[in-house]
Amino acid sequence: MLSPELELLLISVQRHLTPAQIEQAKTLLARNVQIDTLAKLAQTQGLSMLLYRGLLQLRDSAPASLMRQLEEAVTTNAVVYEWLYPQQVADVAAALGVESIVLKGAALGQETYRQPALRPYGDIDLLVHHADLDTAEQQLLALGYTPDESVYTREWYREQHHHLVPYTRPNAL
């Protein structure tokens, strides 16, 4: 059996709640849903923004303290995912000097969710032509990124995973 917090979270992440889901969510809130537990669960799973969007559909039934907490997160995430991160993605893609396609988190936030803050991500996934991997790698190094070989070596990623080792840079995606 699911906890009331998990059940409410699963209902709330739906794009458009049905009248039955709204009533179910209101019933869960009327029972002893632990607001702190719900907020932590949503944060841990990267679903805080989706929880907020779902709770907005409950009108005044959502706890004001939780809504204030989520509104602060929305503001922060809007800046990060709609301004800062897209600029980093664009800067890296442009600096590579090769044709690339943005994949996964960054692309899904914009194209699928239409609100980038609803699809959190912490890295950039770029697809480049196989022949351009060496050029892309050299450009990442020139940008100050360093290879993260903490799990596997550069060679392993190239041979077994068919892509570059993950690259990191402090204070950047």
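If you're wondering where the values come from, they're calculated on a predicted model, not measured in any experiment. (Residues numbered from 1 in each chain as written. Predicted model: local features only at pLDDT ≥ 70, side-chain atom pairs only at ≥ 80, totals over all residues. Heavy atoms only, no water.)

**A short note on the overall build of the protein**
Argument step 1. What the protein contains, in helices and strands, is 8 helices and 4 strands.
Argument step 2. Each helix and strand of the protein, placed in order from N terminus to C terminus, yields the pattern α-α-α-α-α-β-α-β-α-β-α-β.
Argument step 3. The C-alpha radius of gyration computed for the protein amounts to 20 Å, which surpasses the reference 16 Å derived for 173 residues by more than 25%, pointing to a less compact arrangement than a globule.
Argument step 4. Expressed along its principal axes, the backbone C-alpha trace of the protein runs to roughly 60 × 30 × 25 Å.
Argument step 5. Counting all 173 residues of the protein, 34% fall into the buried class.
Argument step 6. Pairs at least 24 apart in sequence give 62% of the contacts found in the protein among residues at least 6 apart.
Argument step 7. Just so you have it, the protein exposes about 10700 Å², and 52% of that area is on carbon and sulfur atoms.
Argument step 8. Between the centroid of the 13 positive side chains of the protein and the centroid of its 20 negative side chains there is a distance of 9 Å. (Helix = DSSP H or I, 4+ residues; strand = E, 2+ residues; numbered from the N terminus. Rg over C-alpha atoms; globule rule 2.2 N^0.38 Å. Buried < 20%, exposed > 50% of the residue type's maximum accessible area, 1.4 Å probe, protein only. Contact = heavy atoms within 4.5 Å. Areas by Shrake-Rupley, 256 points an atom, 1.4 Å probe, with all protein chains shown as cover. Lys, Arg positive; Asp, Glu negative; His and termini not counted. Charge placed at Lys NZ, Arg CZ, Asp CG, Glu CD.)

**Remarks on the packing of helix H1 (residues 4-12) against helix H3 (residues 35-44)**
Argument step 1. The interhelical angle for the contact between H1 and H3, taken along N-to-C directions, is 55 degrees, at an axis separation of 9 Å. Considering their axes alone, H1 and H3 lie oblique with respect to each other. Along this stretch, H1 crosses H3, giving a crossing that reads as right-handed. Packed against H1, whose contacting residues are Glu5, Leu6, Leu8 and Leu9, the element H3 presents Thr37, Leu38, Leu41 and Ala42 at the interface.
Argument step 2. Among the residues making up the contact of H1 with H3, the classes are represented as 6 nonpolar, 1 polar and 1 charged. (Axes fitted to C-alpha atoms, helices over the stretch in contact; angles between N-to-C directions. Parallel < 35°, antiparallel > 145°, perpendicular 65-115°, else oblique. Left-handed = near helix turned anticlockwise from the far one by under 90°. Nonpolar A, V, L, I, M, F, W, Y, C, P; charged D, E, K, R; others polar.)

**Some remarks on helix H4 (residues 48-56)**
Argument step 1. With respect to burial, H4 is a largely interior element, 8 of its 9 residues being buried.
Argument step 2. The complete set of buried residues in H4 reads Ser48, Met49, Leu50, Leu51, Tyr52, Arg53, Gly54 and Leu55.
Argument step 3. Here the buried face of H4 lies against H1, H3 and helix H5 (64-96).

**Concerning the nonpolar core**
Argument step 1. With 23 residues, the main nonpolar core has Leu96, Val128, Leu140 and Tyr167 as its most contacted residues.
Argument step 2. Within the residue set of this core, elements represented by two or more residues are H4, H5 and helix H7 (133-142).
Argument step 3. If you tally residues by element for this core, the top one is H5, at 5 residues.
Argument step 4. Setting aside residues no more than four positions away along its own chain, Val128 makes contact with Leu96, Val98, Glu99, Ser100, Leu133 and Ala136. (Core = buried A, V, L, I, M, F, W, Y, C linked by side-chain atoms within 4.5 Å.)

**Re the confidence of the model for the protein**
Argument step 1. Looking at the protein as a whole, the pLDDT averages 90, with 100% of positions reaching at least 70.
Argument step 2. Taken element by element, the predicted model of the protein shows its lowest mean pLDDT in helix H6 (residues 104-111) (82) and its highest in strand E3 (residues 146-147) (96). (pLDDT = per-residue confidence, 0-100.)

**A look at the environment of Leu2**
Argument step 1. Tracing the chain through its elements places Leu2 in the segment before H1.
Argument step 2. Residue Leu2 is classed as partly exposed on the basis of its relative accessible area of 45%.
Argument step 3. Apart from residues no more than four positions distant in its own chain, Leu2 is found in contact with Glu7 and Leu10.

**Some words on unusual backbone geometry**
Argument step 1. Phi angles above zero are rare outside glycine, and Lys104 is one such case at about 55 degrees.
Argument step 2. For Lys104, a relative accessible area of 51% translates into the label exposed.

**Overview of the pattern of salt bridges**
Argument step 1. Evaluated as defined, the whole model comprises 4 salt bridges.
Argument step 2. Residue Asp134 pairs with Arg158 through a salt bridge whose shortest N-O separation is 2.8 Å. Residue Asp134 is located in helix H7, and its partner Arg158 is located in helix H8 (residues 154-161); the two are separated by 24 residues in the primary sequence.
Argument step 3. With a relative accessible area of 48%, Asp134 lands in the partly exposed category.
Argument step 4. The class for Arg158 is partly exposed, based on a relative accessible area of 30%.
Argument step 5. Beyond isolated ion pairs, a larger network of salt bridges with shared partners links Asp134, Glu137, Arg154 and Arg158. (Salt bridge = Lys/Arg side-chain N within 4 Å of Asp/Glu carboxyl O.)

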